[in-house]
Amino acid sequence: MVRKAFSAGAAQVVASGVFVTMMFASSTARAQAPPPVAGAAAVAGALLWGRAMPPPEATATLPTEVQRSLTEYRQRETAFRSLLTPPPGATPDEERLFAQRVGIERVVFCLFPRRDSARIASLYALDVDVSFDWEGASDQPRREAAFINGLLSDLPEPWLAPYLNLIAAHRRLCAGALDSAVPDRDRGASLHDVQRQLALAQDYGGPLIRVVAEYLATTARPCNPSL
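Residues numbered from 1 in each chain as written. Predicted model: local features only at pLDDT ≥ 70, side-chain atom pairs only at ≥ 80, totals over all residues. Heavy atoms only, no water.

Draft legend 1. Looking closely at the nonpolar core. Counting residues in each nonpolar core, the largest one holds 56 residues, and the members touching the most others are Leu47, Tyr124, Tyr163 and Leu166. For this core, the secondary structure elements donating two or more residues are helix H2 (40-49), helix H3 (64-79), helix H4 (92-111), helix H5 (117-127), helix H6 (139-152), helix H7 (161-179), helix H8 (191-204) and helix H9 (207-218). Ignoring any residue separated from it by four or fewer positions in sequence, one finds Tyr163 in contact with Leu47, Ile104, Val107, Val108, Leu111, Phe112, Tyr124 and Ile209. (Core = buried A, V, L, I, M, F, W, Y, C linked by side-chain atoms within 4.5 Å. Buried < 20%, exposed > 50% of the residue type's maximum accessible area, 1.4 Å probe, protein only. Helix = DSSP H or I, 4+ residues; strand = E, 2+ residues; numbered from the N terminus. Contact = heavy atoms within 4.5 Å.)

Rendered as structure tokens:
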């Protein structure tokens, strides 16, 4: 588990020297190239799905405070080098999962300009529960949220909590949206729980996390893969 790696500091992550530039996907539709988006939706597409941050013209309408954070984020994207090692002899599905992990690693590295962020980002990305295809079912996003919430219950790196709350709330929203299409399906997490996690992300996160949390709290399609 990643919390053990945090506390013991014993996990070994080998530098691959490869900067993975693939788009990352969590559903079949998400694997396709999304149409252009702008503003908060563009930032959400990067943070929630592990994509590269869109160019400045896509986010030009956001407030000045957010622009400063976007500039720093893009600078760190340029400097990012994955510490994850590609699996030898990987199948296409395994390659897609690896690319998604690198996308998560990149987001964490770019969000937090800390000396230890590269190491923590790689440990988290290596351990987190991910899937490139939810197949229209709520089980996988719910498992992703459950993993993150378990990590939050005993988190040795509290600076990571706003990002984790944001992702867990999003995955729970997605699980609820997928369940809504199934009559009499148990909805799992209550809306109150999701709102609580979004509020924590807004209250304690940096400008980029806050703008995405606000977007999720107001958008009608929080799980739109075209974000």
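The rest of the description comes next.
Draft legend 2. Summary view of the environment of Phe112. Within the element layout of this structure, Phe112 appears in the loop between H4 and H5. Each C-alpha atom, one on Phe112 and one on Gly206, is 9.0 Å from the other, the two residues being 94 residues apart in sequence. Not counting chain neighbours up to four residues away, the residues in contact with Phe112 comprise Arg76, Ser117, Trp159, Leu160, Tyr163 and Ile209.

Draft legend 3. Spatial organisation of the pattern of salt bridges. Scanning the model with the defined rule gives five salt bridges in all. Notably, a salt bridge pairs Arg114 with Asp116, separated by 3.0 Å at the nearest N-O pair. Between Arg142 and Asp179 there is a salt bridge, with the nearest N and O atoms lying 2.7 Å from each other. Highlighted residues: Arg142 in helix H6 and Asp179 in helix H7, separated in sequence by 37 residues. A relative accessible area of 0% places Asp179 in the buried class. (Salt bridge = Lys/Arg side-chain N within 4 Å of Asp/Glu carboxyl O.)

Draft legend 4. Spatial organisation of the packing of aromatic side chains. Applying the stated criterion across every chain yields a total of four aromatic pairs. Seen from their ring centres, Tyr124 and Tyr163 are 6.2 Å apart, and the 85 degrees between their planes marks the pair as edge-to-face. One end of the pair, Tyr124, is in helix H5; the other, Tyr163, is in helix H7, with 39 residues separating them in the sequence. Just as Tyr124 is buried, Tyr163 falls in that class too. Over the ring of Phe109 we find Arg76; its NZ or CZ atom is 4.0 Å from the centre of that ring. (Phe/Tyr/Trp six-rings, centres within 6.5 Å; stacked < 30°, edge-to-face > 60°. Lys NZ or Arg CZ within 6 Å of the ring centre and 35° of its normal.)

Draft legend 5. Summary view of the packing of H7 against H9. At their nearest, the axes of H7 and H9 sit 10 Å apart, and the two run at 20 degrees to each other. Considered as vectors, H7 and H9 are oriented roughly parallel to each other. In the crossing of H7 with H9, the sense of the turn from one axis to the other is left-handed. Here H7 contributes Pro162, Tyr163, Leu166, His170 and Leu173 to the contact with H9, which in turn contributes Ile209, Val212, Ala213 and Leu216. Each residue belonging to the contact of H7 with H9 can be placed in one class, and the counts come to eight nonpolar, one polar and no charged. (Axes fitted to C-alpha atoms, helices over the stretch in contact; angles between N-to-C directions. Parallel < 35°, antiparallel > 145°, perpendicular 65-115°, else oblique. Left-handed = near helix turned anticlockwise from the far one by under 90°. Nonpolar A, V, L, I, M, F, W, Y, C, P; charged D, E, K, R; others polar.)

Draft legend 6. Representation of H7 within the structure. For H7, which comprises 19 residues, the first-to-last C-alpha distance of 27 Å matches the rise-based estimate of 27 Å (1.5 Å per residue) to within 8%. Of all 19 residues that make up H7, 16 are buried, and the element is covered over most of its length. (Expected span 1.5 Å × (residues − 1).)

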